[in-house]
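Summary of structural features
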Amino acid sequence: MSSGKPSSPAGKNPSGKSPASKQRGGKERIESLGIPKPRWATWWDRSDKVDWSVRVAMTIIAAAAILLLCRTWQPSFAYREGAIPARDLITRVTFQVPDKIATDELKTRKRREVLTLYRNTPQRLAQLRAALRNRLFLILGASSYEQLGEAEREALAEFDQGSEADDNASPAATFALLKRVFAEDEELSELDTAITVSMGPLASNGLLQAIQHGEELGSQRMIRVFQGNEVDDAVPVELSKVRIAEAGGKLEQLIRDQFRSRFESDVDLEVADMVAKWLRSRLGEYETLKYDDEASEAVRIKAADAVEDVMMTFRSGESRLADAGKPLTNRELELLRTEWKTLIQSMRWSDQLARMTAFAGMIVALYLLAGSYIWFVDDSSLLLDKWKLLRLLTLGVTTVALAYYASRDQWRIELVPLTLASIIVAVVYGRELGLLLMASASLSVTLLLGSDLANLVAMAAACTTCTLLTGRIRSRTHLLTVGGIASLVAMTTVIGVGVVTGQTLSSGAPGEILESLYRGAPFDRVLYGLFREALWAGACILFSSLAMTGLLPLVERGFGVQTDLSLLELGDASHPLLRRLAQRAPGTYNHSINVASIAEAAADSIGANGLLTRVGAYFHDIGKMFKPEYFIENQTAGHNSHDALQPAMSTLVIIAHVKDGADLARNHHLPAPIIDFILQHHGTTLVEYFYREAAKRSEESPNGESVSDQDFRYPGPKPQTLEAAVLMLADTVESASRTLVDPTPARIQNLVDAIAQKKVADGQFDDCGLTFSQLHRVRISLVKSLTAIYHARIKYPGQKSA
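This is a predicted model, so every value here is computed, not measured. In every chain, residue numbers begin from 1 and rise along the written sequence. Per-residue local features of the predicted model are confined to residues with pLDDT of at least 70, and side-chain atom pairs are confined, for both listing and counting, to 80 or more; whole-chain, interface and lining totals are unaffected and use all residues. Hydrogens and water molecules were not included; the side-chain quantities draw on all heavy atoms of the structure.

A word on the overall build of the protein chain
- Runs of E in the DSSP output that reach at least two residues are strands. Runs of H or I that reach at least four are helices, and both are numbered from the N terminus. Scanning the protein chain from N- to C-terminus turns up 33 helices and 8 strands.
- We call two residues contacting when some pair of their heavy atoms lies within 4.5 Å. Considering only intrachain contacts with a sequence separation of at least 6, the fraction spanning at least 24 residues in the protein chain is 76%.

Right under this line is the structure:
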């Protein structure tokens, strides 16, 4: 229903204003009240979103690097040789492992059952047959017994002894018997055929006087026989068929059978017995088999390799892998590693994702802990400056990853990267933040490795000691001293934690241990492992401190910090810049030396780095060497180069020494903290003399314009550290004190107080965190130092006034 009024256009209210313009108007009205919003409410509007996104991306990448490098999706293998579990280790999954003992026993049995190889040389039996024919031909060659010579009679005696005839039978009768039997076989061809056939099995199988291999090398019942090099054609043969003691009887029987089939009378069998006994008595001289150890060993190896592993089954929740209170042996470690691998293979992707999520939550918690401390307590620039944040994250990821991989059982050097990181964070970030960072790193490494509380305590003790003791490095032996003390602390901690956690309970009572040591018994295995672990921890820390001595210059350059050791080297008067400053601007050089002296004492009085302040003071005015004549300390009496310049131009010349000095320092690769001193030692203070001169001239000129003090101020920045604030104050009071006609302590104190109050009123100390209490101590120190410089001297008799 129409109300009779024209409807408002789309997007506008009855008043004719759009909702957006109304919202903007309301926002402007609220802001016009001047009520400050909470910091979190205006953060997003004020922040650089690109820079913020880069920093967030770096933290996410660092977290992802730890998750991936440390394989957080799978459990870690946390056991080491010699470690003493506090409880029985029961398998979490069912798995099988080869039973090495049973498998070795089976392989040994198979080696013993192998048919060893013997090389057969049947040609030797042919020689025996030839010898038989030669002896018979020698005998049968005589027509009568009387014609037998001595050699023939000896040959006949060989057969006569072998005859089974009557004992009264004479050699003549034996000769006659042989002549009659072989009368029709003058060539002895039938005899040779019979003997060849009878000796056929011996030629094929071979002859062996006694077995030539031990029972551990193969079967004692059968062998394999081959001829020449035909090992693959070897045939199995029972030893009873080749052993001469047994084969000889069978040979006699075969010869009798051959004679029975080839000759007719019983007399012929008597000759057969003679021949058989002659042959049998000489078989030992014609052994044809020889053991081939090389070929047999190859067969034994092949037989052993063919044996499959005998498997031992461990059932989940039932089988015990290691006993509590006993050091882990290599065999138990192998079982635990197999169980670990099986567990990993059986994990589902959901289990792996859950583990990664849990570790990601741990990293987020540590981020929040360390980040909150850095933001609210320490130095928020570590989070706001992306390069500082990158270095911090890189150090953390590198430390955790190296400790993770260095903890492997064959190395066990996770303390090396942790100790190195402890010294680095102490040098770069200071003790307080260093303790928090290393506590986080130790906790992360412990959880990633799946280690127990004892390892966490040992790592924390080593890291804490190194962080607390590092402090100011003024000598090259300082780090070795830190390493020595930290190693003793770590060794004591390892032993103490081992006792507290009950690792020595299986060692017996203390009295029993001492008694065994007194008797010269071997040191208890548990105690030996504990002391060995402690010594190894101490050695790792000592090595780290020694390595850090050489790595220190790289750390300083990479993180942009200076140790006392490098500052002492930098503050050497032979530095090219300082020597050039002394030559071109001697007044400025002397001024810098004086400022360095009083600034160092003032910085030390408030706990700041006095050495850094002193070295910074040496270089803070090096920019003046470009135009030294424009600065009063280098001007000769009666000549002032500014007389020919306008105040604005003189101001530009004066201010330029800051930028020139910074450029000169960068060109000579001075460290960043020294460059910061050059840029900040004047802050944004006013070049008061020339500002007043310009204002005076403007007032005197009828067409003069008003003078802005912003045109006569240094570009800054204001001091960002306590050391820079102290240098600013020391530089100003040292210059001003030269104008005092009679520099009494009271006048010096009034001068210092006035200058300090002026700096505070001008806001020069707003960014450095200098408190009024610290400022008071700085003022006291400066007054004391200047009073010592300008103290009254005794006038000696006859001395003229200067």
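Still more to cover.
What to know about the side chain of H620
- Locating H620 in the fold gives a position in the loop between helix 27 (610–619) and helix 28 (647–667).
- Remark: exposure states derive from per-residue accessible area (1.4 Å probe, protein chains only) relative to the maximum for the residue type, with buried under 20%, exposed over 50%, and partly exposed in between. Residue classification places H620 among the buried positions, given a relative accessible area of 0%.
- Under this definition, polar contacts are N or O atom pairs within 3.5 Å; protein pairs additionally need one hydrogen-donor-capable and one acceptor-capable atom, and for neighbouring residues in sequence, both atoms have to be side-chain atoms. Side chain to side chain, H620 and D621 meet in a polar contact 3.0 Å long.

Notes on the environment of A441
- Structurally, A441 is set in helix 19 (residues 431–449).
- For A441, a relative accessible area of 8% translates into the label buried.
- As a C-alpha pair, A441 and T399 span 42 residues in sequence and 7.6 Å in three-dimensional space.

Description of the nonpolar core
- Membership of the largest hydrophobic core comes to 59 residues, with the highest contact counts inside it found for L418, Y429, M548 and F559.
- Breaking this core down by element, the ones donating at least two residues are helix 3 (49–69), helix 15 (349–376), helix 17 (386–406), helix 18 (415–429), helix 19, helix 20 (453–470), helix 21 (478–500) and helix 23 (525–559).
- Considering every element that reaches this core, the biggest residue donor is helix 18, with 11 residues.
- Non-local contacts of L418, meaning those with residues more than four positions away in its chain, are made with T399, A403, M438, A441, V445, M459 and C463. We define the nonpolar core as a collection of buried residues of types Ala, Val, Leu, Ile, Met, Phe, Trp, Tyr and Cys that are connected through side-chain atoms lying within 4.5 Å of one another.

Topic: the sheet that holds strand 4 (residues 222–227)
- A pair of strands counts as paired when DSSP detects no fewer than two bridges linking them. With mixed pairing, the 4 strands of this open sheet are ordered in space as 5-4-3-6. The open sheet is flanked by strand 5 (235–238) and strand 6 (289–291), the only strands paired with a single partner. Direction aside, the axes of adjacent strands within the sheet are offset by 40° on average.
- Across 4 bridges, the pairing between strand 3 (residues 117–120) and strand 4 is parallel. Paired with Y118 across the two strands is V225, which belongs to strand 4. Throughout, an axis means a line fitted to C-alpha atoms (over the contacting stretch in the case of helices), and angles, computed between N-to-C directions, take values from 0 to 180 degrees.

As for the confidence of the model for the protein chain
- For every residue, the predictor reports its confidence as pLDDT, a number between 0 and 100. Residue-level pLDDT values for the protein chain average 86, and 88% of them are 70 or greater.
- Low pLDDT (under 50) marks residues 1–17, which in the prediction has 5 contacts with non-local residues, meaning those over four places away or in another chain.
- Confidence over residues 506–523 falls short of pLDDT 50; this stretch has 12 contacts with residues more than four positions distant or in other chains.

Regarding the packing of helix 17 against helix 19
- The contact between helix 17 and helix 19 brings their axes to 10 Å, and the two run at 35°. Considering the relative orientation of helix 17 and helix 19, their crossing is right-handed. Every residue of helix 19 that contacts helix 17 at L392, V400, A403 and Y404 is listed here: L437, S444, V445, L448 and L449.
- Following the grouping adopted for this structure description, the nonpolar residues are Ala, Val, Leu, Ile, Met, Phe, Trp, Tyr, Cys and Pro, the charged ones are Asp, Glu, Lys and Arg, and the polar ones are all others, Gly among them. A class-by-class count of the residues in the contact of helix 17 with helix 19 yields 8 nonpolar, 1 polar and no charged. Note on convention: near helix rotated counterclockwise from far helix by under a right angle means a left-handed crossing. Clockwise means right-handed.

Description of the state of the cysteines
- Working definition: a disulfide is two cysteine sulfur atoms within 2.5 Å of each other. Counted according to the given criterion, the structure contains 0 disulfides.
- Free of any disulfide, C463 has its nearest cysteine sulfur in C466, 7.0 Å distant.
- Accessibility expressed as a relative area gives 1% for C463, which makes it buried.

Here's the deal with unusual backbone geometry
- The step from G716 to P717 runs through a cis peptide bond, and the omega angle for that step is 10°.
- Positionally, P717 belongs in the loop between helix 30 (688–700) and helix 31 (722–737).
- One non-glycine residue with positive phi stands out, namely H669, at about 60°.
- Locating H669 in the fold gives a position in the loop between helix 28 and helix 29 (672–680).

Overview of the pattern of salt bridges
- Salt bridge, as applied in this entry: a Lys or Arg side-chain nitrogen positioned within 4 Å of an Asp or Glu carboxyl oxygen. Across all of its chains, the model carries 35 salt bridges by this definition.
- When the shortest N-O distance is used, the salt bridge between R476 and E569 registers 2.9 Å. One end of the pair, R476, is in the loop between helix 20 and helix 21; the other, E569, is in helix 24 (residues 564–570), with 93 residues separating them in the sequence.
- Take R476: its relative accessible area is 52%, and that puts it in the exposed class.
- Under the relative-accessibility criterion, E569 is labelled partly exposed at 46%.
- Through salt bridges with shared partners, a single ionic network connects D88, R320, D323 and K326.

Considerations on the pairing of strand 4
- With 4 bridges joining them, strand 4 and strand 5 adopt antiparallel strand pairing. Looking across to strand 5, one finds that R224 is bridged to P236.

A word on the packing of aromatic side chains
- Put simply, two rings from Phe, Tyr or Trp (the six-membered ring, in Trp's case) pair if the centres are within 6.5 Å, and we call them stacked under 30 degrees between planes, edge-to-face over 60, tilted for the rest. Across all of its chains, the model carries 10 aromatic pairs by this definition.
- Judged by centre distance (5.7 Å) and plane angle (55°), the rings of F77 and W340 are tilted. Here the residue F77 occupies a position in the loop between helix 3 and strand 1 (89–90), and W340 occupies one in helix 14 (residues 330–346), the gap between them amounting to 263 residues.
- A connected cluster of aromatic rings, assembled from ring pairs, spans F77, Y79 and W340.
- Charge over a ring is defined by NZ of Lys or CZ of Arg lying within 6 Å of the ring centre and within 35 degrees of the ring normal. Across from the ring centre of Y145, 4.5 Å away, lies the NZ or CZ of R153, which sits over that ring.
- Against the face of F77 rests R337, its NZ or CZ located 4.2 Å from the ring centre.

Re helix 21
- Taking 1.5 Å per residue, 23 residues should reach 33 Å; helix 21 reaches 33 Å between its end C-alpha atoms and fits that length.
- Of the positions making up helix 21, those classed as buried are L479, V482, G483, A486, S487, A490, T493, V494, V497 and G498. Multiply 1.5 Å by the residue count of a helix minus one, and that product is the helix's expected span.

Describing the packing of helix 25 (residues 576–584) against helix 26 (residues 586–605)
- At a closest axis distance of 5 Å, the pairing of helix 25 and helix 26 adopts a crossing angle of 125°. It follows from the interaxial angle that helix 25 and helix 26 lie oblique. Contact residues: helix 25 offers L578, L581, A582, Q583 and R584, while helix 26 offers P586, T588, Y589 and S592.
- When grouped by side-chain class, the residues that make up the contact of helix 25 with helix 26 number 5 nonpolar, 3 polar and 1 charged. We call two directions roughly parallel when the angle between them is under 35 degrees, roughly antiparallel when it is over 145, roughly perpendicular when it lies between 65 and 115, and oblique otherwise.

A look at the side chain of E414
- Within the element layout of this structure, E414 appears in the loop between helix 17 and helix 18.
- For E414, a relative accessible area of 10% puts it in the buried group.
- Apart from the residues within four sequence positions on either side, E414 is in contact with R80, A403, A406, S407 and M459.

Re the environment of S773
- Along the chain, S773 falls in helix 33 (residues 772–789).
- For the pair S773 and I606, spaced 167 residues apart in the sequence, the C-alpha separation amounts to 8.9 Å.

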